[in-house]
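# Structural description and commentary
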Amino acid sequence: AQTVTQSQPEMSVQEAETVTLSCTYDTSESNYYLFWYKQPPSRQMILVIRQEAYKQQNATENRFSVNFQKAAKSFSLKISDSQLGDTAMYFCAFRNPDTGANSKLTFGKGITLSVRP
Amino acid sequence: AAGVIQSPRHLIKEKRETATLKCYPIPRHDTVYWYQQGPGQDPQFLISFYEKMQSDKGSIPDRFSAQQFSDYHSELNMSSLELGDSALYFCASSLGDIIRDETQYFGPGTRLLVL
């Protein structure tokens, strides 16, 4: 079974600065998907970024980018130019690539990010 | 763009009552997932459906059942409710026939409070 670990329960960053959220995972699969979801106080689950394990290039979405280290099973999220609206809980999630069965998301415990004005 | 719709958004029930949560996936999405998120916890997978058939099952109590209908909407039925069932219930949908683009998109959730 896959496991996802987010060892930092909370982080704080000054507005406009850069912050990195850590995530490690454990799997015996060679191909899989990794995601970062954001959950603001409204508790909506919002997809931030997605990485496919077979792609060596790190995914980027505007101010959000990942550092994917497959051998180390590490998947960190970098938020540049932090904004007050980035304040939220961030969940790292793992997904098996198969359709149908076994395609559920396995989440880490999450990290609470606070952006200070 | 259309998103996942869940109803109701809030639900208050007494212990031992029954609740039905509904999920309407994004148009053309054929796969639906249900997750339960307790206070301060990460979402836990309950059950999923692909093309109207149950495709995977997680830590779903026997008191809960679910199905996916011909129009791909799904319902989660919860009976003999317990205080511990109080949680945020998410439905997510994806397009299952494109193997390399199965990102799950979440609905706003149903907040269930059992008194």
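For every chain, the first residue of the written sequence is number 1, and numbering continues from 1 onward in sequence order. Chains carry letters and ligands carry numbers; both start at the beginning, A for chains and 1 for ligands, and go up in the order they are written. In keeping with the model being predicted, local features are shown solely for residues with a pLDDT of at least 70 and side-chain atom pairs are shown and tallied solely at 80 or more, while totals for entire chains, interfaces and linings include all residues. Only heavy atoms go into the side-chain values, all of them from the structure, while hydrogens and water stay out.

Helix and strand counts for chain A come out as zero helices and twelve strands. In this text, helices come from DSSP runs of H or I with a minimum length of four residues, and strands from runs of E with a minimum of two, each type numbered from the N-terminal end. The helix and strand sequence of chain A, counted from the amino end, reads β-β-β-β-β-β-β-β-β-β-β-β. Throughout, the radius of gyration refers to the C-alpha atoms, and the reference size of a globule is 2.2 Å times the residue count to the power 0.38. Relative to the compact-globule value of 13 Å for 117 residues, chain A shows a C-alpha radius of gyration of 14 Å, a close match. Counting only C-alpha atoms and orienting by the principal axes, one finds that chain A spans roughly 45 × 30 × 25 Å.

For soluble globular proteins, the rule of thumb is that nonpolar side chains tend to be buried together. In this structure, Leu21(A), Trp36(A), Leu77(A) and Tyr90(A) are the most contacted members of the largest nonpolar core, which totals 26 residues. When residues of this core are traced back to their parent elements, those giving at least two are β3 (19–21), β5 (33–39), β6 (46–52), β8 (64–69), β9 (74–79), β10 (88–95) and β12 (111–116) of chain A. When residues of this core are assigned to their parent elements, the largest contribution, four residues, is made by β10(A). We call two residues contacting when some pair of their heavy atoms lies within 4.5 Å. Beyond its immediate chain neighbours, meaning those up to four positions away, Tyr90(A) contacts Gln6(A), Leu21(A), Trp36(A), Tyr37(A), Lys38(A), Val48(A), Phe64(A), Leu77(A), Ile79(A), Gly110(A), Ile111(A) and Leu113(A). Among buried residues, the Ala, Val, Leu, Ile, Met, Phe, Trp, Tyr and Cys ones that are joined through side-chain atoms within 4.5 Å form a nonpolar core. Buried means the residue's accessible area, taken with a 1.4 Å probe over protein chains only, is under 20% of the maximum for its type, while exposed means over 50%, and partly exposed covers the values in between. Counting residues in hydrophobic clusters, the runner-up holds 22 residues, among them Cys23(B), Met78(B), Leu112(B) and Val114(B).

Below, the discussion takes up the interface of chain A and chain B. In this assembly, 27 residues from chain A lie in contact with 25 residues from chain B. Buried area counts how much accessible surface, traced with a 1.4 Å probe, disappears from two parts once they are put together, with both parts' losses summed. Here chain A and chain B share an interface that buries about 2,200 Å² over both sides, 49% of which is from carbon and sulfur atoms. By definition, a salt bridge exists where a carboxyl oxygen of Asp or Glu is found within 4 Å of a side-chain nitrogen of Lys or Arg. At the junction of chain A with chain B, the criterion picks out two salt bridges. Asp42(B) is the salt-bridge partner of Lys109(A), the closest N and O atoms lying 3.3 Å from each other. Between N or O atoms, a polar contact is any pair within 3.5 Å; within protein, one atom must be a potential hydrogen donor and the other a potential acceptor, and residues adjacent in sequence are included only when both atoms are from side chains. For the interface between chain A and chain B, the tally reads eleven residue pairs in polar contact (both at pLDDT 80 or more). Element by element, the count of residues in the side of chain A that touches chain B is highest for β5(A), at four residues. Following the grouping adopted for this structure description, the nonpolar residues are Ala, Val, Leu, Ile, Met, Phe, Trp, Tyr, Cys and Pro, the charged ones are Asp, Glu, Lys and Arg, and the polar ones are all others, Gly among them. Split into classes, the residues belonging to the side of chain A that touches chain B amount to twelve nonpolar, eight polar and seven charged.

Further remarks concern the pattern of salt bridges. Residues and elements named next belong to chain A. According to the stated counting rule, one finds nine salt bridges over all chains in the structure shown. Close ionic contact of Asp 86 with Arg 63 constitutes a salt bridge, the shortest N to O distance being 2.8 Å. Note that Asp 86 is positioned in the loop between β9 and β10 and Arg 63 in the loop between β7 (60–61) and β8, a separation of 23 residues in sequence. Overall, the relative accessible area of 3% leaves Asp 86 in the buried class. Taking the relative accessible area as the measure of exposure, Arg 63 reaches 18% and is therefore buried.

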